[in-house]
Amino acid sequence: RISVHPRWERPVAIETGDSFKFVFGMNTDLYHVNGLSRDGIEGSFNGFSYRAVPYTTMDWSRPLLRHFGTAHQTIEPMVSVTLRPYGGNSNKIPNEDSKDLEFDETNLFSENRFSGIDRLEGGPRVSYGARWGVMSESGDRSSAFLGQSFRLKDDDTFSEGMGLEDQLSDIVGKIKIESGPLNLLYRTRFSTNFNPTRNEVQFNYGIPAIKINGSYIFLDPQENSEFSGREEVSASATARLTQTWKSTLRAVTDLDASEMRSVGLDAVYENECILFRTGINRAFFEDRDLKPTDSIRLLLTLKTLGEVKTGFSM
């Protein structure tokens, strides 16, 4: 595969506070394959294939600021319009790096939502959303985002369950709260009939003596995907035992299978010269040739020289 992707980008801000970004680009790819299997076609393909697909994007946003008391809040509406020809995904082009896609607020405004370059998101579309935030003088802050995408017609490039296969995409959102030692994060994706396809909750609480982290994640399975989806809870707690010693206990539980996936305990010693870390972990996962394993690892870092590490499993 030989790929050349030239791109020109120009941000523009005007006196009214509106911000624009204009992008022009080209996806140019040349492939040579041997033994490529294609759905619905007998035999395999051998030879060259290529594509040259232009695209253009215009982004707009306008942050609005309001002060009240000792705090201030911002509201920022955002719109992105992307124009790209339909097609570009010939069955003579293999798909090695774009089989799975996790659609969320981080790639809502991306020109190509696939994680790799073997597949392109074709056709014109518009993405829109709004970000809200509030911050106090003490440093506490909260923020929220909600967005969606619309295309002129369905795109069968996306498998069922990816959230982008219909004209109206799934709705993606995020809420984040930071207040003193406590941090909370909630991310979600739900369909237009409000059925959740992703829910993720993370929390962190930390004071000098102890830090606690936890998360819950639910991901709906995607059709024709190597990833079957999951629902799990993970948690960890780190306690500072002395000025130089600290210990961490962690665990992961698969709620869908009602099974513990892993549990581990770490101990860390650190002073001005060395960092010593040791840990024991038990993995309960079992699948075909994979069996539950126990592992012990040791890591010694001499801060001025380097590190030495070892470990074993059984």
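For the structure itself, consult the block above.
Q: How do you make sense of the overall build of the chain when you look at a structure like this?
A: When you go through the chain residue by residue, the secondary structure sums to 0 helices and 18 strands. Across its three principal axes, the chain shows a C-alpha extent of roughly 65 × 60 × 45 Å. Residues classed as buried in the chain amount to 31% of the 314 residues present. For the chain, long-range pairs separated by at least 24 residues make up 43% of all intrachain contacts whose partners lie at least 6 apart in sequence. Here the chain has roughly 18800 Å² of accessible surface; of this, 57% comes from carbon and sulfur atoms. Averaging the coordinates of the 36 positive side-chain charges in the chain and doing the same for the 44 negative ones gives two points 5 Å apart.

Q: Please clarify how the layout of surface pockets should be interpreted in this entry.
A: Over the atoms, a rolled probe matching the size of one water molecule traces out where space is still vacant. Estimates place the volume of the largest pocket at around 840 Å³. As for the largest pocket, its lining consists of 30 residues, and the residues nearest its centre are Asp39, Ile93, Asn95, Arg119 and Thr157. Tallied by class, the residues present in the lining of the largest pocket amount to 6 nonpolar, 13 polar and 11 charged.

Q: Just checking my understanding: could you explain the pairing of strand S10 (residues 182-190) for this structure?
A: The side chains of a regular strand alternate, residue by residue, between the two faces of the sheet. Sheet analysis places strand S9 (residues 171-179) next to S10, joined by 9 bridges and oriented antiparallel. Bridge pairing links isoleucine 171 to phenylalanine 190 in S10. The sheet contact formed by S10 and strand S11 (residues 196-206) spans 9 bridges and is antiparallel. Along S11, the bridge assignment pairs arginine 187 with glutamate 200.

Q: Help me understand the nonpolar core, please; the structure alone is not making it clear to me.
A: As a rule of thumb, nonpolar side chains are buried together in soluble globular proteins. In this structure, Met78, Leu101, Phe103, Leu108, Phe114, Phe145, Phe158, Met162, Leu164 and Val172 together form the largest nonpolar core, which totals 10 residues. Beyond its immediate chain neighbours, meaning those up to four positions away, leucine 164 contacts Leu101, Phe103, Arg113, Arg151, Phe158 and Ser169.

Q: Is there a simple way to think about empty space enclosed by the protein in this case?
A: Tallied over the entire structure, the rule returns 1 cavity of 30 Å³ or more. By volume, the largest cavity is sized at about 40 Å³. Of the residues assigned to the lining of the largest cavity, the class counts are 1 nonpolar, 3 polar and 3 charged.

Calculation rules
Residues numbered from 1 in each chain as written. Predicted model: local features only at pLDDT ≥ 70, side-chain atom pairs only at ≥ 80, totals over all residues. Heavy atoms only, no water. Helix = DSSP H or I, 4+ residues; strand = E, 2+ residues; numbered from the N terminus. Buried < 20%, exposed > 50% of the residue type's maximum accessible area, 1.4 Å probe, protein only. Contact = heavy atoms within 4.5 Å. Areas by Shrake-Rupley, 256 points an atom, 1.4 Å probe, with all protein chains shown as cover. Lys, Arg positive; Asp, Glu negative; His and termini not counted. Charge placed at Lys NZ, Arg CZ, Asp CG, Glu CD. 1 Å grid on protein atoms, 1.4 Å probe; cavity = no way out; pocket = protein on both sides within 12 Å on 5 of 7 lines; lining within 4 Å. Points joined across faces, edges and corners; volume = space filled by probe spheres on them. Nonpolar A, V, L, I, M, F, W, Y, C, P; charged D, E, K, R; others polar. Pairing = 2+ DSSP bridges. Core = buried A, V, L, I, M, F, W, Y, C linked by side-chain atoms within 4.5 Å.

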